[in-house]
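Next come the chains, spelled out residue by residue.
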Amino acid sequence: QQQVKQSPQSLIVQKGGISIINCAYENTAFDYFPWYQQFPGKGPALLIAIRPDVSEKKEGRFTISFNKSAKQFSLHIMDSQPGDSATYFCAAKGSNYQLIWGAGTKLIIKP
Amino acid sequence: DAGITQSPRHKVTETGTPVTLRCHQTENHRYMYWYRQDPGHGLRLIHYSYGVKDTDKGEVSDGYSVSRSKTEDFLLTLESATSSQTSVYFCAISESIQVYNEQFFGPGTRLTVL
């Protein structure tokens, strides 16, 4: 119940295309769902986050879609650019305040 | 990296030796965390601290201990390193442990146990 399952493990998208990364969870006590972006040799950095009382949040080219009934959430990157090439992690936070992380998705944007 | 440094950045050690990793912050944040990152597992919480001398276990705490004698420093110790502890270790900080609070990460320490 404490797991967050992330897919795909890796993703190649053409420049200008839409990148989509999906996450699923079981624990309905999770109440905060952030996405972190990590470049090689760096620590993760918060990209965008959502609460379960909204179905979508958009910040620039990045959008989180949240489906509470299906217990799924996804990250959409519109007009993907080579600079978006990174590893993306979804996470969830529950009542014990600890973040539970997905396994990560390595995204490559081809020029 | 939000005023967080980790030392050393790289370390190679042998099985059975003690290892201490240091995290230092200049942000005066109350909460500090140690994670390990392994392929296929994402990040897993080892220990965290909610104040000086106040620490608690995370998901994968076995074989690790921590200490926090000052707000700015959080030490992670492997008492007797094993090959399964080969990993990249990240320190993180946050102002609050409340639900919507962002964690800021250091640059990581790559540890290899031979």
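A brief report on the enclosed structure follows. Nothing here was measured: the structure is a model prediction, and the numbers come from that model. (Residues numbered from 1 in each chain as written. Chains lettered and ligands numbered in written order. Predicted model: local features only at pLDDT ≥ 70, side-chain atom pairs only at ≥ 80, totals over all residues. Heavy atoms only, no water.)

**Observations regarding the overall build of chain B**
- Scanning chain B for helices and strands turns up zero helices and eleven strands.
- Compactness check: chain B gives a C-alpha radius of gyration of 13 Å against a globular reference of 13 Å for 114 residues, within 12% of the reference.
- By its C-alpha atoms, chain B is 40 × 30 × 25 Å across when sized along the principal axes.
- Evaluated residue by residue, chain B yields a buried proportion of 50% over its 114 residues. (Helix = DSSP H or I, 4+ residues; strand = E, 2+ residues; numbered from the N terminus. Rg over C-alpha atoms; globule rule 2.2 N^0.38 Å. Buried < 20%, exposed > 50% of the residue type's maximum accessible area, 1.4 Å probe, protein only.)

**Some details on unusual backbone geometry**
Residues and elements named next belong to chain A.
- Note the cis peptide between serine 7 and proline 8, where omega equals -5 degrees.
- Within the secondary structure, proline 8 is located in the loop between β1 (4–7) and β2 (10–14).
- We note that lysine 71 has phi near 55 degrees; this positive angle belongs to a residue other than glycine.
- With respect to the secondary-structure elements, lysine 71 resides in the loop between β7 (62–67) and β8 (72–77).
- Judged by its relative accessible area of 22%, lysine 71 falls in the partly exposed class.

**Let's talk about the state of the cysteines**
- Scanning the entire structure with this criterion turns up two disulfides over all chains.
- Between the sulfur of cysteine 23 of chain A and that of cysteine 90 of chain A lies a disulfide, 1.9 Å long from S to S. One disulfide, between cysteine 23 of chain A and cysteine 90 of chain A, carries an S-S torsion of -95 degrees and so falls in the left-handed class. Here cysteine 23 of chain A, found in strand β3 (residues 19–25), pairs with cysteine 90 of chain A, found in strand β9 (residues 86–93); they are 67 residues apart in sequence, far enough to count as distant.
- Each sulfur in the disulfide pair cysteine 23 of chain B and cysteine 91 of chain B lies 1.9 Å from the other. (Disulfide = S-S within 2.5 Å.)

**Considerations on the environment of alanine 91 of chain A**
Residue and element names in this part refer to chain A.
- When you line up the elements, alanine 91 lands in strand β9.
- In the structure, alanine 91 is positioned 63 residues away from threonine 28 in sequence and 14 Å away in space, judged by C-alpha atoms.
- With residues up to four places along the chain from it excluded, the contact list for alanine 91 reads Tyr32, Phe33, Pro34, Phe73, Leu99, Ile100 and Trp101. (Contact = heavy atoms within 4.5 Å.)

**Some remarks on the packing of aromatic side chains**
Residues and elements named next belong to chain A.
- Within the structure shown, the criterion is met by 20 aromatic pairs over all chains.
- When the ring of tryptophan 35 is compared with that of phenylalanine 73, the centres are 5.7 Å apart and the planes differ by 70 degrees; the resulting orientation is edge-to-face. Within this pair, whereas tryptophan 35 is found in strand β4 (residues 33–38), its partner phenylalanine 73 is found in strand β8, the two being separated by 38 residues in sequence.
- What makes phenylalanine 73 buried here is its relative accessible area of 2%. (Phe/Tyr/Trp six-rings, centres within 6.5 Å; stacked < 30°, edge-to-face > 60°.)

**As for a nonpolar patch on the surface**
- Taken together, the side chains of Ile18, Ile20 and Met78 of chain A present a nonpolar region at the surface, about 240 Å² in accessible area.
- Within the secondary structure, isoleucine 18 of chain A sits in the loop between β2 and β3. (Patch = residues over 30% accessible without salt bridge, like charges linked within 9 Å, V, L, I, M, F, W, Y side chains within 5 Å. Areas by Shrake-Rupley, 256 points an atom, 1.4 Å probe, with all protein chains shown as cover. Salt bridge = Lys/Arg side-chain N within 4 Å of Asp/Glu carboxyl O.)

**Description of the interface of chain A and chain B**
- Each side of the interface is counted separately: chain A has 18 residues, and chain B has 23 residues.
- Summed over both sides, the interface between chain A and chain B buries roughly 1800 Å², with carbon and sulfur atoms accounting for 54% of that surface.
- It is Tyr97, Gln98 and Trp101 of chain A that lose the most area in chain A upon contact with chain B, and together they represent 29% of the buried surface on that side.
- The interface formed by chain A and chain B contains two residue pairs in polar contact (both at pLDDT 80 or more). (Buried area = accessible area lost by both parts, 1.4 Å probe. Polar contact = N/O pair within 3.5 Å; in protein donor to acceptor, adjacent residues only side chain to side chain.)

**Digging into the sheet that holds strand β8 (residues 73–78) of chain B**
Residues and elements named next belong to chain B.
- Strands sit in the order β1-β3-β8-β7 across an open sheet of four strands; the sheet is antiparallel. Two strands in the sheet have a free side with no partner beyond their single neighbour: β1 (4–7) and β7 (64–70). Pairs of neighbouring strands in the sheet enclose a mean axial angle of 20 degrees, with direction left out of account.
- Pairing of β7 with β8, which is carried by five bridges, proceeds in the antiparallel orientation. Residue pairing for β8: valine 66 is matched across the bridge by leucine 76. (Pairing = 2+ DSSP bridges. Axes fitted to C-alpha atoms, helices over the stretch in contact; angles between N-to-C directions.)

**Quick word on the sheet that holds β7 of chain A**
Residues and elements named next belong to chain A.
- If you walk across this open sheet you meet the five strands as β1-β3-β8-β7-β6, and the pairing is antiparallel. The sheet is open, and its two borders are formed by β1 and β6 (56–59), each paired with just one other strand. Across the sheet, the mean angle separating the axes of adjacent strands is 15 degrees when strand polarity is ignored.
- The sheet contact formed by β6 and β7 spans four bridges and is antiparallel.

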